[in-house]
Amino acid sequence: MEKPKVGIFSMSSCEGCLVQVLNLEDKILEMMRSVELVDCRLLGVKKSYDRLDIAIVEGAVMSDEEERELREIRERSKILVALGDCACHGGRFLFKDFKFDSVPVDLPRGLKSFRADPLDKYVKVDYYVYGCPIDGDDFLRLFKELLMGKEYRPAPFNVCAECVLKDNECLLDKGIPCLGPITRGGCGAVCPTSGRRCIGCRGLAEDANVDSLIEIFTKRGIEVPEYLWELKKQVGGGRRG
Amino acid sequence: MERFVVITKEDFTVLLERLLGAYQVIAPVEREGRIFLSYVSDPAEVNMEYKGTTLLPPKRFFFPEVEVLFTYRVTGGRVELYDKLEEVRGAKRALLGVRPCDIKSLEILDKVLIGEYKDPYYAARRDGTLIVGLTCNEPDEYCFCAFTGSGPQASGGFDLLMTDLGDRYLVEIGSDKGERVVNLNLDLFKPASKDEVNEREEMLKRVEAEIRRQELPDLTKVYEAFAKNFDAELWLEYGRRCLACGKCNYVCPTCRCFDVYDEPSLDGSSGKRVRVWDSCHFLSFTRVAGGKVFRSERPSRVKQRIYHKYCYGVDEIGEIECVGCGRCIKVCPAGIDIREAAKRVVEL
Ligand code: SF4
Ligand code: SF4
Ligand code: SF4
Ligand code: SF4
Ligand code: SF4
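Residues numbered from 1 in each chain as written. Chains lettered and ligands numbered in written order. Predicted model: local features only at pLDDT ≥ 70, side-chain atom pairs only at ≥ 80, totals over all residues. Heavy atoms only, no water.

(A) Main features of the packing of aromatic side chains. Applying the stated rule across the entire model yields 18 aromatic pairs over all chains. Look at Tyr128 of chain A and Tyr130 of chain A: their rings are 5.8 Å apart centre to centre, the planes differ by 5 degrees, and that puts the pair in the stacked class. A centroid spacing of 5.1 Å and a plane angle of 90 degrees characterise the contact between Phe226 of chain B and Tyr307 of chain B, whose relative ring orientation is edge-to-face. On the criterion of sequence distance, the pair formed by Phe226 of chain B in helix 8 (residues 223-228) and Tyr307 of chain B in helix 11 (residues 298-317) is long-range, its members being 81 residues apart. Judged by its relative accessible area of 2%, Tyr307 of chain B is buried. An aromatic cluster is defined as three or more aromatic residues linked by ring pairs; in this entry it consists of Phe226, Phe230, Trp235, Tyr238, Tyr307, Tyr310 and Tyr312 of chain B. Seen from the ring of Phe36 of chain B, Arg31 of chain B lies directly overhead, with NZ or CZ sitting 4.4 Å from the centre. Sitting over the face of the ring of Trp277 of chain B, Lys59 of chain B holds its NZ or CZ atom 4.4 Å from the ring centroid. (Phe/Tyr/Trp six-rings, centres within 6.5 Å; stacked < 30°, edge-to-face > 60°. Helix = DSSP H or I, 4+ residues; strand = E, 2+ residues; numbered from the N terminus. Buried < 20%, exposed > 50% of the residue type's maximum accessible area, 1.4 Å probe, protein only. Lys NZ or Arg CZ within 6 Å of the ring centre and 35° of its normal.)

(B) View of the domain arrangement of chain A. Residue and element names in this part refer to chain A. Taken domain by domain, chain A holds domain 1 (5-147) and domain 2 (159-236). Computed over C-alpha atoms only, the centres of domain 1 and domain 2 are separated by 26 Å. If you look at the interface, domain 1 gives 14 residues, while domain 2 gives 16 residues. Taken together, the two surfaces of domain 1 and domain 2 that pack against each other cover about 1300 Å², and 63% of this comes from carbon and sulfur. Across the contact surface, domain 1 and domain 2 share 1 salt bridge. Here Arg202 ties to Asp138 by a salt bridge, and the two come within 2.6 Å at their closest N and O atoms. Seen at the junction of domain 1 and domain 2, the total is 1 residue pair in polar contact (both at pLDDT 80 or more). The residue makeup of the side of domain 1 that touches domain 2, split by class, is 6 nonpolar, 2 polar and 6 charged. (Domains from an automatic or database assignment. Contact = heavy atoms within 4.5 Å. Buried area = accessible area lost by both parts, 1.4 Å probe. Salt bridge = Lys/Arg side-chain N within 4 Å of Asp/Glu carboxyl O. Polar contact = N/O pair within 3.5 Å; in protein donor to acceptor, adjacent residues only side chain to side chain. Nonpolar A, V, L, I, M, F, W, Y, C, P; charged D, E, K, R; others polar.)

(C) Geometry of the interface of chain B and chain A. Opposite the 35 residues of chain B that make contact, chain A presents 34 residues. Note on chain B versus chain A: buried area summed over both sides is about 3000 Å², and carbon and sulfur give 58% of it. It is Leu243, Leu266 and Arg298 of chain B that lose the most area in chain B upon contact with chain A, and together they represent 24% of the buried surface on that side. In this structure, the connection of chain B to chain A is made through 4 salt bridges. Linking Asp207 of chain A and Arg301 of chain B is a salt bridge whose minimum nitrogen-to-oxygen distance equals 2.9 Å.

Below is the structure:
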């Protein structure tokens, strides 16, 4: 059987998610034995190829050039994976201000405005690996599922679920504006477990209830930050029936 | 053999040392002012003076949140299985400081997991574990076991049941296994006097009276009220508040829903089957092949949990499945209080 052809691409990013992948060390080597890597700038691989089975794309779209490149990748690829928060959501986390779509600036390469768009603003994304940076094990899981021809399912719960299993004291009870209740889990609640609030780096949970979180903040005397009001406009109470 | 014996607190430390020699001991420990159940190796770690409940219930020591059921290896077209049950079977453990509500929760789990279908992993762990209960000298603000018929008295389900009488413990022997422990350590125990047994009854009455200061209905008899009010407005209100985080399910001593998945190695030549806790508040809980989600609306998920506790349990195992431990109330970020919900339903 022919090995699946894989390409790894970067839009605008810090390449931190790719570093997470490379940090898998011997596992990444093993992984590369099951596939044919045909394109990866970071590893200096550039073979000639026509079609890709799996394209892994990291980073946000910040220029027309990148937009063109992304569309081209999509056309050649059977499966396209968005890797990391930049690719999944434009690198905004949840706690950032959602109001900007494009900020006028003078950038090198003749760019006139700043934008940071998620891949799915332009092309269809088949799978998302969330997080800033991503979790190496999540990526490994995705990879195995794809090789077996299965669906990859990201964690179905929010951060609180993993947090309570760590026997943590809830930060909300201490008046700290933790975003765990509306943030997609799978990170093992690393931030709350080390006493820092969740800032939503994995993006909105599947069934995020922003209305309720605002109510909870208010009830506990936690000031409701601007970005939550913005999020509320977008998702409100989620699926409430 | 007497049903009641006493042991001084000093001698209890000696007993602990002996137990540590013969068993893997799980006991309440305190870290940063919070109480956990944990494996211990030193009597000094054990805290038998805690109030109320541990954050996570004892179920995780019988039905862990992540559990490898078996591993497999494919060699020359043959699949070899290695069942983890073998490892689970050998263990000899003692679980100390279990509250009456939690003792009751294990009895409920037994009915479900060693009932019509037998979960061998759970059953093996239950078999190999000595249960040493501890009655409450003081409830915490979330406790309501007196209304669910599961405390502060414990009527069974333990091997030994301790009560703190100040400088000593009164110990009730609840099984042959428990009796053996006492017999093997006769130098540490004395028969209990009538007064000491009465002292425990007085204490438990006091705790019960304190819990009963909350005005709640008899929660073992709310079935009809719930059945009538399935479409009541209040479920929409709870649904609007619920964050679908599932913390309430994870901390509930009787919730035991799980998901199972396979984790193959990269080349597919080996792998493992894993079982993890699930929660009926997750959208994925009722997602079936093709992507349809049966309980996509949040009120229906809130109802699933609460109805399971007060109605479906009665249908399935003949009793309610809430033991009044209050953990779900303590951890809910949205302040959803199952006591209050039940009271409101009864008053509708
Ligand atoms: S600390 Fe944050 S993540 Fe943890 S339970 Fe509380 S709100 Fe959820
Ligand atoms: S439903 Fe809540 S109070 Fe009842 S047993 Fe479960 S966690 Fe305890
Ligand atoms: S259905 Fe929900 S409430 Fe019932 S046992 Fe499962 S997780 Fe717990
Ligand atoms: S619910 Fe009852 S048995 Fe459980 S800790 Fe509270 S008082 Fe004790
Ligand atoms: S803990 Fe509260 S908010 Fe979270 S799922 Fe349970 S009821 Fe909903």
